[in-house]
Every structure is written in structure tokens, then in C-alpha cells.
Amino acid sequence: MKFKIKSATQNLFIYFIALTVIGSFLLSLPFCYNGEKIPFIDAVFTTVSAICVTGLSTVDMSFFSDAGFMILLLLIEAGGLGLVSFFTVYLSFASKKLSLVNRNIIKDYFTQEQQFEARQIVKQIIFFTLLIQVLGALLLSFFLYFDGEKKFIFYGIFLSISAFCNAGFSPYSDSLSRFTHNPAIILTLSFIIILGGLGFNVMSNVYYSLRKSKITKKQILTLHSKIVLTMTSILIVLGTFVFYIFERKLAFKEMSFPSALLNAFFESVTLRTAGFETVSQKAFSSHSTFIAKIFMLIGGSPGSMAGGIKTTTVFLMLLLAYKSANDKNFPSVFKRDISLESIDKATSIFIKGICLLCIMTGFLLWSQKDLILNGVFSSESLIFEAFSAFGTVGLSKGITGLLSSSGKILIMILMFAGRTGITFIAINSFGKEDNIKSLTDYPKEDVLLG
């Protein structure tokens, strides 16, 4: 079983490396730029950022021509859908008969149903992707047209795909700052981002539950969907409130109450892996920056376009930490007991993810120590950059282009780790091994804690 999982890991690694090589070559061609082409390392950085649906960029977006934006779009779509659908395609289409091991991987990653058709999952992914991206493109093109944008159709399509894939790339140099007071565009993008971060499993479950409710008058949501929807709602509402309170007299001081509330809402949404900004991150206070790091670390939900350690992981860790005495051995929520296996997976993902982020941030701080000492940027801004890369968010304090070559390479590794590493930490925890009793039982002993 371990061999087969490693085989899938190797093939996905090859898939992303191949995309990086092809994308870097294409983005190094002159027709991708309006003027002089960018250095090759910046082409590689932009490619990795696109396929990891992050949105960090070492160059201004004004450098890219329409052809360059088209290549970026293809890389974003290939990277976003690539990870979500890879396991299903690779594990189900590789052979006529789906093995028990591969079936368990697909089941754990995509669906909780006992009976499912792997190919049907691919159809659902394509259906929801096209539906949301097309509707989003139509709405955004309409709103951009009335906002005076000449390339309203192309930019509408670009922003819709980038938002749904939680990529954060914008065709504008100022990201979305020009739309700070445009509620139609901000709200449309917000809902596209939210849908892209929920996960196809949740969207499918909600869709079919609503269809069944018309007949049975009863809405049946899985425990996973309830946790994702609950956690997402809490984070959005809490984030909106916190950012409004912290920034009302700072980053939002020039705005009316509706505009300030709207931008606080968008900040709460975009921080969890989308990476667009209507207000520069440099304008936010240290209080908001601290909350932003937590949001970026949490990210979206499993089986979605989003990165981070995922909403369900954080939910289960909080549930475990505040377990009621009535729960006995298993924490419970929504009248359901959470299995010990799920708790173990969440703990593994959380601890390994935090350790990976801390180690890579340490390397990044060490590699950029000269630039920090010379005052080019602060260590706080660099740590923010690391959280953004690991959470595949794409927001920055404006230092991405100032990084040294070693810093850019480390950020690329962080983006790649954030996009694929957490998934494989989870996948490698999915294997169900037989409970074979050890021939030797060691005596148990307590350890002092707290």
C-alpha cells in the first residue's frame, strides 16, 4: 500500500515539475511581455506561483501582454484542477479495476459515501468548475463593462478563473484597489472565492441535498459539509468584524461605513488563500497582520482549490482541545462522534504543517539576513511572505520583488509545499493498517503536561 501511495506521489510531483518546465519556457518568450522580457528566475517564480494557485509575483502585472495572461490562465487552471482531480484520474483511469487501496484514497479525499463512481467525481468537478467560472465571467464582464473597462470580456474571464482557483492573479498592477468602492465586483469575486474554497465534495453534497429536500422536505448534509460550512461562516463573520474594528480608523479611515464593512468582508474572504487585495497590505496595522497570518495558515477546505492546513483540521483540533467531559473517548459535534482515526489525521496534518512552515521560515530569515539588516525590508514582512506562500494566498507587504535569488527559491519551495505537501501529509495518513497486536506490551507511564 505504501508503495502505491508513493507511486501516486511521484506522478503528481512529475506533473507539477513538467508544468513548471513548460510554463517557465513559455513565460520566458518575448511575446508574453509588452516590453523587455523578465529574468528567467522571475519567469520560473511566476510559473510556480500560478500552478500552485498562489498569486505572488516578483514583477508587475503591467509587464505581461495578453498572450502572457493567457499562459498564466492555462497554468492556473492546470495547477488548480490538477491537484483536485489528479488522484481520481490517476487512480481510476490507470486500470479498469479500481484497487481497494486506491478506492480508499479517493474516498477519503473526495467523498464520504460508501458507494461511488470515481469517474462520476471527475464529471462533478468539471460540471461545478465550468458552471461557476462561466457564470462568474458573465457577471464580472457585465460589471467591468459598466465600470469602463475596455477589455471587459477577457478580464472578466481572467478574474473569474483566478478567483475560483483561489489564485489571486489580477490583470491590474494594483490588484483590485481600483474597485475598492465597487460592491458589485467585490461581492461577485468574494462569492466565487468562497465557492472555490469550499471543496467539490461540499458543493456536490449541498446541491444534491437541496434537490432531495424538494421531495422529502428534509435536507441531508454530511458531517464534513456541516463542519466546513460552519467553520467557513465563523471565519468570514469573525474576520469581517475584527478587520473592521482594527482598521476603521487606519486602513479604512477614508471610507464610508458601507465601504469599510465591504472591504473588511473582502479581506476576511481573500486572506484564506485567494490573495486579491482592495487595500494594500502595507496599510494594515500589526494587529490585523497577526490575524491575517492565522487566516492564511488555516486556508480553505479539503478537496478544494484552496491551500493551508484546512478548516476541518483546525475545527477538529479545537474540538479536541475543548472536548467535553461527556464526550468520553471521542469528541462529538452535530450529534455525531468523531472517530479517533480522524483526530489522529488532523493532529498529524496540524503538527507536521506547523513544523514545515517554521523550518522553512527559519531558512528564509537566514538567507535574507543581509537585506533585513540593511533595512530593505523587515523580518515581520518576510514572515508574512512565508505564511502567504505556504497558505498559497499570494498577499504581500510589497517585498516579493526585493528578495534575493535564494529567497525566491525558498518562497517557491514554500508555495510548492503549501500546495502539495499538506495534501500528501493527509494522504499518507489515510492508509488503514491492520491492528496487529505487538508481541511485547511495554508498561504504560504518565508524562507531566502543562
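Here goes a summary of the coordinates provided. (Residues numbered from 1 in each chain as written. Predicted model: local features only at pLDDT ≥ 70, side-chain atom pairs only at ≥ 80, totals over all residues. Heavy atoms only, no water.)

1. Quick notes on the nonpolar core
Test applied: In these notes, a set of buried Ala, Val, Leu, Ile, Met, Phe, Trp, Tyr and Cys residues joined through side-chain atoms within 4.5 Å is what counts as a nonpolar core. Burial classes: relative accessible area under 20% of the type maximum marks a residue as buried, over 50% as exposed, and values in between as partly exposed (1.4 Å probe, protein chains only). Whether two residues are in contact is decided by their heavy atoms: any pair within 4.5 Å suffices.
One finds L27, I411 and M415 to be the most contacted residues of the largest nonpolar core, which totals 114 residues. Here L27 is in contact with C32, Y33, A43, T46, T47, F64, G68, I71, L72 and L75, once residues within four sequence places are set aside.

2. Side note on a nonpolar patch on the surface
Worth spelling out the cut-off: Patches here: salt-bridge-free residues with over 30% relative accessible area, like charges joined within 9 Å, nonpolar side chains (Val, Leu, Ile, Met, Phe, Trp, Tyr) joined within 5 Å. For the accessible areas, the method is Shrake-Rupley and the probe is 1.4 Å, while residue cover comes only from the protein chains on display. Think of a salt bridge as a Lys or Arg side-chain nitrogen and an Asp or Glu carboxyl oxygen that are within 4 Å of each other. By the criteria applied, helices consist of DSSP H or I runs no shorter than four residues and strands consist of E runs no shorter than two, each listed in order from the N terminus.
Together, I126, F127, L130, L131, V134, L135, L138, Y207 and Y208 give the surface a local cluster of nonpolar side chains, amounting to about 830 Å² of exposed area. Of all elements in the fold, only α5 (118-146) and α8 (200-216) reach the threshold of two or more residues within the nonpolar patch. In terms of residue count, the dominant contributor to the nonpolar patch is α5 (seven residues). Accessibility expressed as a relative area gives 47% for I126, which makes it partly exposed.

3. Some details on the packing of helix α9 (residues 223-247) against helix α11 (residues 286-298)
Convention followed: Every axis corresponds to a line fitted to the C-alpha atoms, with the helix fit spanning only the stretch in contact, and the corresponding angles, defined between N-to-C directions, vary from 0 to 180 degrees. Angles are sorted into four bins: roughly parallel if under 35 degrees, roughly antiparallel if over 145, roughly perpendicular if 65 to 115, and oblique for all others. By definition, any crossing whose near helix is turned counterclockwise from its far helix by less than a right angle is left-handed, and any crossing with a clockwise turn is right-handed. Three classes are used, and their members are as follows: Ala, Val, Leu, Ile, Met, Phe, Trp, Tyr, Cys and Pro are nonpolar, Asp, Glu, Lys and Arg are charged, and the others, Gly among them, are polar.
Taken N-terminus to C-terminus, the directions of α9 and α11 make an angle of 165°; their axes are 10 Å apart at the nearest point. When the axes of α9 and α11 are compared, the pair comes out roughly antiparallel. Crossing geometry of α9 relative to α11 is assigned as left-handed. Residues L235, G239, V242, F243, F246 and E247 of α9 form the contact with α11, whose own contacting residues are H287, S288, I291, A292, F295 and I298. Counted by class, the contact of α9 with α11 contains eight nonpolar, three polar and one charged residues.

4. Notes on the packing of aromatic side chains
In plain terms, the rule: Pairing of aromatic side chains here covers Phe, Tyr and the six-membered ring of Trp, requires ring centres within 6.5 Å, and sorts the geometry by plane angle: under 30 degrees stacked, over 60 edge-to-face, intermediate tilted.
For the coordinates displayed, the defined rule picks out 19 aromatic pairs. Between F142 and F146 the ring centres are 4.8 Å apart and the planes differ by 65°, which places this aromatic pair in the edge-to-face class. With a gap of four residues between them, F142 and F146 both fall in helix α5, about one helical turn apart. Overall, F142 belongs to the partly exposed group, its relative accessible area being 48%.

5. Description of the pattern of salt bridges
Tallied over the full model, the rule gives four salt bridges. With a closest N to O distance of 2.9 Å, D42 and K408 form a salt bridge. Remark: K408 occurs in helix α16 (residues 405-427) and D42 occurs in helix α2 (residues 40-51); sequence separation between them is 366 residues. Judged on exposure class, the residue D42 and its partner K408 are both buried. With a closest N to O distance of 3.1 Å, K151 and D66 form a salt bridge. Here D66 lies in helix α3 (residues 66-93) and K151 lies in the loop between α5 and α6 (152-164), a separation of 85 residues in the sequence.

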